[in-house]
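Geometric and topological summary
Now for the letters of each chain:
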Amino acid sequence: MYDRSTVDAVLALHADGVSTAEIARRLGIGHATAWRWCRGGQAEPVPGRSRRDRCPLCHGVGLDQAQYAYLLGQYLGDGHIVEGRRGVASLSVACADDWPGIRAEVERAMRAVMPTSSVSSVRRVGCREVKSYSTHWTCLFPQHGPGRKHDRPIVLAPWQDRVAREHAGRLLRGLIHSDGCRITNWARPRPDGKRYDYPRYWFSNHSTDILDICSRALDEIGVEHRRPRWNAISVARKASVARLDEFVGPKY
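The model shown is predicted, which means the values in this text are computed figures rather than measured ones.

**As for the overall build of the chain**
Check the secondary structure of the chain and you find eleven helices and eight strands. Accessible area of the chain: about 12,700 Å², with a carbon and sulfur share of 49%.

Here it is as structure tokens:
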């Protein structure tokens, strides 16, 4: 017995031209089941799990705000939404193969935010695209629109802004995991010319609106930062790096 979100995912993939065999492999369902649904067969309903009661905004379902803040950071960095047929939207986040732990965290966040929707991944060159299908992803991410994020305004809705402030550390974790890094920088400020190594966080994005969102979150948790370039934020002071480590960690 499958929930409605699995049916929606099958139909959305089929609408995108994916074969029923590949759909069955990606979603872990029987090939015959996928074949029947794609040809108009009925899916078995799951008691108590209606497709109408899944959205925290539309239907008052509880939202895991900490996980949503993390997923919001990932969406603003490496995520996008594609709207398909029947109003089903796919939320996708590209996760580099070098960091499987981050991919697993993205999958957990998607399941926590939209628990009635299945999560799958598609292999790409050097990464995996973590995907989830729902008719309500556009409700939770109203920043979705045509074109690239840095070519259009990115403004948080009032309810998103409240979540971003209350869970600023989780939002920053998502932002750093997507478009940021923690590196070891070096300099020679001493008269003797000895090299001095120090850790530093770096976040880069071509959207000034997303940079502003990151900057406000850093202010919220008391992290000093600066913008050495128009498209980047740097955190280099020892105390500020240590503070950010509490949420992101030196190893992720």
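**So, the environment of R152**
You can see R152 is positioned in the loop between helix 7 (137–140) and helix 8 (158–166). Judged by its relative accessible area of 17%, R152 falls in the buried class. With 55 residues separating them along the chain, R152 and S207 place their C-alpha atoms 8.4 Å apart. The residues touching R152, leaving out its near neighbours within four places in the chain, are Y75, Q143, H144, G145, P146, G147 and D209. Within the local environment of R152, its side chain forms a polar contact with the backbone oxygen of R148, the two atoms lying 3.4 Å apart.

**Notes on the packing of helix 9 (residues 168–179) against helix 10 (residues 208–220)**
Packed helices, taken two at a time, are described by the angle between their axes plus the distance between the axes. Where helix 9 meets helix 10, the axes come as close as 9 Å, and the angle between the chain directions of the two elements is 135°. When the axes of helix 9 and helix 10 are compared, the pair comes out oblique. You can see that helix 9 and helix 10 cross each other, and the crossing is left-handed. Between helix 9 and helix 10, the residues in contact are A168, L171, L172 and L175 and I210, I213, C214, A217, L218 and E220, respectively.

**Remarks on the sheet that holds strand 7 (residues 226–229)**
Across the sheet, which stays open at both edges, the four strands sit in the order 5-6-8-7 with antiparallel pairing between neighbours. Looking at the sheet topology across the chains shown, the edges are occupied by strand 5 (180–187) and strand 7. On average, each strand axis in the sheet is inclined to that of its neighbour by 40°, with strand direction left out of account. In terms of strand pairing, strand 7 meets strand 8 (residues 232–235) through two bridges, oriented antiparallel. Residue R226 lies in a different strand from strand 8, and its bridge partner there is S234.

**With respect to the packing of helix 2 (residues 20–27) against helix 3 (residues 31–38)**
Following both chains from N to C, one finds helix 2 and helix 3 inclined at 120°, their axes separated by 8 Å at the closest point. On the basis of their axis angle, the class for helix 2 and helix 3 is oblique. Pair helix 2 / helix 3 crosses with right-handed handedness. On the side of helix 2, the interface is formed by T20, A21, I23 and A24, while helix 3 contributes H31, A34, W35 and C38. For the contact of helix 2 with helix 3, the residue count by class is six nonpolar, two polar and no charged.

**Remarks on helix 9**
Along its twelve residues, helix 9 runs 16 Å from first to last C-alpha, staying within 8% of the 16 Å computed at 1.5 Å per residue. Counting buried positions over the twelve residues of helix 9 gives ten, a clear majority of the element. Within the span of helix 9, buried status applies to A168, G169, L171, L172, R173, G174, L175, I176, H177 and S178.

**Observations concerning the nonpolar core**
Counting 49 residues, the largest nonpolar core has W137 and F141 as its most contacted members. The greatest single-element share of this core, amounting to seven residues, is contributed by helix 5 (residues 65–78). Leaving out residues up to four positions away in the same chain, W137 has contacts with L71, I81, A89, L91, M110, V113, M114 and S132. Counting 16 residues, the second largest nonpolar core, distinct from the first, contains V18, A24, L27 and C38.

**A few points about the packing of aromatic side chains**
For the structure on display, the rule yields four aromatic pairs. On the numbers, 5.3 Å between centres and 35° between planes, the contact of Y68 with W159 is tilted. With Y68 in helix 5 and W159 in helix 8, this pair connects stretches of sequence that are 91 residues apart. Both rings, one in W137 and one in F141, keep their centres 6.0 Å apart while their planes meet at 35°; by these two values the pair is tilted. A relative accessible area of 0% places F141 in the buried class. Among the aromatic residues, those joined into a ring-pair cluster are Y68, Y75, W137, F141 and W159. Lying over the aromatic face of Y75, K149 brings its terminal NZ or CZ to 5.0 Å of the ring centre.

Conventions adopted
- Residues numbered from 1 in each chain as written.
- Predicted model: local features only at pLDDT ≥ 70, side-chain atom pairs only at ≥ 80, totals over all residues.
- Heavy atoms only, no water.
- Helix = DSSP H or I, 4+ residues; strand = E, 2+ residues; numbered from the N terminus.
- Areas by Shrake-Rupley, 256 points an atom, 1.4 Å probe, with all protein chains shown as cover.
- Buried < 20%, exposed > 50% of the residue type's maximum accessible area, 1.4 Å probe, protein only.
- Contact = heavy atoms within 4.5 Å.
- Polar contact = N/O pair within 3.5 Å; in protein donor to acceptor, adjacent residues only side chain to side chain.
- Axes fitted to C-alpha atoms, helices over the stretch in contact; angles between N-to-C directions.
- Parallel < 35°, antiparallel > 145°, perpendicular 65-115°, else oblique.
- Left-handed = near helix turned anticlockwise from the far one by under 90°.
- Pairing = 2+ DSSP bridges.
- Nonpolar A, V, L, I, M, F, W, Y, C, P; charged D, E, K, R; others polar.
- Expected span 1.5 Å × (residues − 1).
- Core = buried A, V, L, I, M, F, W, Y, C linked by side-chain atoms within 4.5 Å.
- Phe/Tyr/Trp six-rings, centres within 6.5 Å; stacked < 30°, edge-to-face > 60°.
- Lys NZ or Arg CZ within 6 Å of the ring centre and 35° of its normal.

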